[in-house]
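Listed below, chain by chain, are the residues.
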Amino acid sequence: MIALIIIIFVLGYAAIALEHSIKINKAATALVTGVLCWTVYILFSPDKHIVSDELTHHLGEFSGILFFLIGAMTIVELIDLHDGFDIITKRISQTDIRKLLWIIAFITFFLSAILDNLTSTIVIISLLRKLIQNQKDRLFFAGIVVVAANAGGAWSPIGDVTTTMLWIGGQITAVNIIAKLILPSLICIAVPLIFLSFKLKGKIERPVIDINDKPISGKQQSIVFFSGVIILVLVPVFKTLTHLPPYMGILIGLGILWIITEIIHGKKDEEDKNNLSVVSALRKIDTPSILFFLGILMSISALQSIGILNQLSLWLTVTFHNDNMVIILIGLLSSIVDNVPLVAAVQGMYDLNQYPTDHYFWEFLAYCAGTGGSVLIIGSAAGVAAMGMEKINFFWYLRKISFLALLGYLAGAITYILQHQILGL
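Just so you know, these numbers come straight off a predicted model, no measurement behind them.

A. Main features of the overall build of the chain. Scanning the chain from terminus to terminus reveals 22 helices and 0 strands. In terms of overall size, the chain behaves like a compact globule, its C-alpha atoms giving a radius of gyration of 22 Å where 425 residues would be expected to give roughly 22 Å. With the C-alpha coordinates of the chain rotated into their principal frame, the extents come out at 65 × 55 × 45 Å. Classification of the 425 residues of the chain by burial places 54% in the buried group. The long-range fraction of contacts in the chain, counting pairs at least 24 apart against all pairs at least 6 apart in sequence, stands at 80%. Counting only carbon and sulfur atoms, one obtains 68% of the accessible surface of the chain, whose full area is about 18600 Å². Side chains of the chain carry 27 positive and 28 negative charges; the gap between the two charge centres is 10 Å.

B. Structural view of the packing of helix α9 (residues 161–168) against helix α19 (residues 360–371). Look at α9 against α19: their axes get within 8 Å of each other, and the N-to-C directions meet at 160°. Comparing the axis directions of α9 and α19 gives the class roughly antiparallel. Contacts between α9 and α19 pair T162, T163 and L166 from the former with W362, L365, A366, A369 and G370 from the latter.

C. Representation of the environment of I250 in the model. Within the secondary structure layout, I250 lies in helix α12 (residues 246–264). Judged by relative accessible area, I250 falls into the buried class, the value being 1%. For the pair I250 and P236, spaced 14 residues apart in sequence, the C-alpha separation works out to 9.4 Å. When residues no more than four places from it in sequence are discounted, the contact partners of I250 are F67, F68, G71, A72, I75, L232 and V235.

D. Highlighting the state of the cysteines. In total, this model carries 0 disulfides according to the counting rule given. Between C188, a free cysteine, and C368, which holds the nearest cysteine sulfur, the sulfur-to-sulfur gap is 9.5 Å.

E. Broad picture of unusual backbone geometry. A positive phi angle, close to 55°, is found at D83, a residue other than glycine. Tracing the chain through its elements places D83 in the loop between α4 (48–81) and α5 (86–89). A positive phi angle is found at K391, which is not glycine, with a value near 55°. With respect to the helices and strands, the residue K391 is situated in the loop between α20 (381–390) and α21 (394–400). Classification of K391 as exposed rests on a relative accessible area of 52%.

F. Spatial organisation of the packing of aromatic side chains. Taken as a whole, this structure holds 20 aromatic pairs when the rule is applied. Aromatic pair F225 and F226: ring centres 5.0 Å apart, planes at 75°, arrangement edge-to-face. According to the relative accessible area criterion, F226 is partly exposed, its value standing at 43%. Each residue in the set W102, F106, F109, F110 and W155 is aromatic and connected to the rest through ring pairs, giving one cluster. Above the ring of F292, the side-chain terminus of K26 is found at 5.5 Å from the ring centroid.

G. Looking closely at the side chain of T119. Of note, T119 is situated in helix α7 (residues 117–131). For T119, a relative accessible area of 2% translates into the label buried. What T119 contacts, discounting residues up to four positions off in sequence, is F68, A72 and L232.

H. Representation of the environment of D160 in the model. By the element assignment, D160 lies in the loop between α8 (135–154) and α9. Linking D160 and S380, residues 220 residues apart in sequence, is a C-alpha distance of 9.8 Å. Polar side-chain contacts of D160 include one of 2.3 Å to the side chain of T162.

I. Summary view of a positive patch on the surface. Residues K136, K199, R399 and K400 make up a contiguous surface patch of positive charge. Looking at the element boundaries, K136 is found in helix α8. Assessed through its relative accessible area of 68%, K136 is described here as exposed.

J. Representation of helix α3 (residues 26–43) within the structure. Between its terminal C-alpha atoms α3 stretches 26 Å, which fits the 26 Å expected from 18 residues at 1.5 Å a residue. Taken together, the buried positions of α3 are occupied by K26, A27, T29, A30, T33, G34, C37, W38, V40 and Y41. Elements in contact with the buried residues of α3: α1 (2–17), α2 (19–22), α4, α15 (287–305) and α20. Measuring from the side-chain oxygen of the N-cap residue of α3 to the backbone nitrogen of A27 gives 2.8 Å; that N-cap residue is N25.

K. Spotlight on a nonpolar patch on the surface. On the surface, a nonpolar cluster with roughly 600 Å² of combined accessible area is contributed by M1, I2, L4, I6, V10, L43 and F44. Within the secondary structure, M1 is located in the segment before α1.

L. Representation of the pattern of salt bridges in the model. A complete count under the given rule lists 4 salt bridges for this structure. With a closest N to O distance of 3.1 Å, K130 and D80 form a salt bridge. Of this pair, K130 sits in helix α7 while D80 is found in helix α4, placing the two residues 50 residues apart along the sequence. K130 sits in the partly exposed class, given a relative accessible area of 25%. The structure contains a network of salt bridges with shared partners spanning R129, R138 and E390.

Parameters at a glance
- Residues numbered from 1 in each chain as written.
- Predicted model: local features only at pLDDT ≥ 70, side-chain atom pairs only at ≥ 80, totals over all residues.
- Heavy atoms only, no water.
- Helix = DSSP H or I, 4+ residues; strand = E, 2+ residues; numbered from the N terminus.
- Rg over C-alpha atoms; globule rule 2.2 N^0.38 Å.
- Buried < 20%, exposed > 50% of the residue type's maximum accessible area, 1.4 Å probe, protein only.
- Contact = heavy atoms within 4.5 Å.
- Areas by Shrake-Rupley, 256 points an atom, 1.4 Å probe, with all protein chains shown as cover.
- Lys, Arg positive; Asp, Glu negative; His and termini not counted.
- Charge placed at Lys NZ, Arg CZ, Asp CG, Glu CD.
- Axes fitted to C-alpha atoms, helices over the stretch in contact; angles between N-to-C directions.
- Parallel < 35°, antiparallel > 145°, perpendicular 65-115°, else oblique.
- Disulfide = S-S within 2.5 Å.
- Phe/Tyr/Trp six-rings, centres within 6.5 Å; stacked < 30°, edge-to-face > 60°.
- Lys NZ or Arg CZ within 6 Å of the ring centre and 35° of its normal.
- Polar contact = N/O pair within 3.5 Å; in protein donor to acceptor, adjacent residues only side chain to side chain.
- Patch = residues over 30% accessible without salt bridge, like charges linked within 9 Å, V, L, I, M, F, W, Y side chains within 5 Å.
- Salt bridge = Lys/Arg side-chain N within 4 Å of Asp/Glu carboxyl O.
- Expected span 1.5 Å × (residues − 1).

In structure tokens form, the structure reads like this:
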């Protein structure tokens, strides 16, 4: 059974990577792979009810991610319907490709720490469509945005789901993780940018701005833009205050923004009102990307349920007796399988008596699990979102971005190790 599920997962993974060659949409492949993994699991299990309960448990976990994704995408799309991103793009006049890349990367880096890596990726890629006309240039920027979003999320307790898991689990504290990981995370994105600064040259072409014939005023545009941004920023605050999962914050935020748009467009005729409504935004969001997410999460959860990921973590610990090596490898593995079950497995293997709160082990795990997923496009939520939004090819990312992401990842890891050994931080 285990061997068959692994074969199905590997074949599905290969089909996703070869999407453009076999001309089958990755969302379809991911859904088939996910369902087949669970089908094999339940058929070969003596107790069908236990497997069914496990699936229901996992569905509760990853449906939260999907609802969060739907809510965040809809809010961003609603801002775009009101040309809200023009408020930012009009203030970014830089066309030099190297300088603009640094600007976008660091906006993403700090935005990811405030929001989270998934939301910031959705926001920034929507912004890039207003800034860069050439699709090849935009793809390159989108790849760097993934690296910057994951690096920015690693040093914030709310920036990445694995860092949040460690924070909630009591393995790290908020102030300490910010102090210890901000430098390695900065190095993680700075190294690829420095490398690119010697290779890139020229200017980017800005999109032709259409004359705005939408029935919205500058005031209405500003209301929707700033309301949407404030709602996104307050989602982590809502989570901290209520202890409810992030998707609850994004859903109440979407409801509030929906009410705001209904009020400000209340006097318009029905056609204009509908074109600027949440209903219109929902039609425009990238549904195949959401289904792709669902398929990937189902596949990974099947591997987790049959114990493969726990065995993998245990094997790493037994084989490599060096904590640094184990954590670095876990980070790299998170680019192939989801970092959440890997971190959960490590949390279950080591208790706070062995490694107390704010121990070097937990902090380094937060960095590696948060940034290692950038090495492959499907290794992180930010990467999967970017892949769907900009139709990024798996092998294109592997050729153009993976090496840069690996350079940054290893440079940040070395920085953290040296920071601990030399400065005692």
